[in-house]
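Commentary on secondary and tertiary structure
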Amino acid sequence: MSESQSTGWRPPVIDSYTVEKSPPLTAPELAAGHPQPLARVILRGRNFFIRAVTPQITIGGMKVLDFQILPDESTILLYLFSRPPENGTIQVSYGPSLTAEAGPFSWDDDG
């Protein structure tokens, strides 16, 4: 039995992504010591479940540590503090049979 069959979860799907330069932090964020992300990546797709098990998200093998799954479970906001490898694969994984991939990643283009 595959992991998706045993959990009842459907595998995530990445339809597209957009790279945006991060807006400046607000005064309260700066006062709280929040670092300024280089960029925000918006992943659009489906089956981005909000569960106790959070997905492992990587771009070109670089782990994304700061992200937010929106309540619609079809959008993930990734906050990048360093540049992932150009042309790397974007991967969202809840486990071996619950993984989505997109790419190649580019700072300059939309996926």
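Everything here concerns the structure above.
Reference entry: report on the structure contained in this document. Values in this document were obtained by computation on a predicted structure and should not be read as measured data.

Examining the overall build of the chain
- Counting its secondary structure elements, the chain contains 2 helices and 8 strands.
- Reading the chain from its N end, one meets helices and strands in the order α-β-α-β-β-β-β-β-β-β.
- The C-alpha atoms of the chain give a radius of gyration of 15 Å, which matches the 13 Å a tight globule of 111 residues would have.
- Dimensions of the chain along its principal axes, counting C-alpha atoms only, are 50 × 30 × 20 Å.
- Relative to its full complement of 111 residues, the chain shows a buried share of 38%.
- Within the chain, contacts between residues separated by at least 24 positions form 61% of all contacts whose residues are at least 6 apart in sequence.
- Total accessible area on the chain is roughly 6300 Å²; 53% of this is exposed by carbon and sulfur atoms.
- Where the 8 positive side-chain charges of the chain centre and where its 12 negative ones centre are 3 Å apart.

Section: the sheet that holds strand β5 (residues 66-69)
- Spatially, the 4 strands line up as an open sheet ordered β1-β2-β6-β5, and their pairing is antiparallel. At either margin of the open sheet sits one strand with a lone partner, and together these are β1 (13-21) and β5. Across the sheet, the mean angle separating the axes of adjacent strands is 20° when strand polarity is ignored.
- Two strands pair when backbone bridges link them, and β1 and strand β2 (residues 39-46) are joined in this way by 8 bridges, in the antiparallel orientation. When the bridges of β2 are listed, Ser16 appears paired with Arg44.

Here is what the cut-offs are and how they apply
Residues numbered from 1 in each chain as written. Predicted model: local features only at pLDDT ≥ 70, side-chain atom pairs only at ≥ 80, totals over all residues. Heavy atoms only, no water. Helix = DSSP H or I, 4+ residues; strand = E, 2+ residues; numbered from the N terminus. Rg over C-alpha atoms; globule rule 2.2 N^0.38 Å. Buried < 20%, exposed > 50% of the residue type's maximum accessible area, 1.4 Å probe, protein only. Contact = heavy atoms within 4.5 Å. Areas by Shrake-Rupley, 256 points an atom, 1.4 Å probe, with all protein chains shown as cover. Lys, Arg positive; Asp, Glu negative; His and termini not counted. Charge placed at Lys NZ, Arg CZ, Asp CG, Glu CD. Pairing = 2+ DSSP bridges. Axes fitted to C-alpha atoms, helices over the stretch in contact; angles between N-to-C directions.

Note that all results are geometric; they support no functional claim without further evidence.
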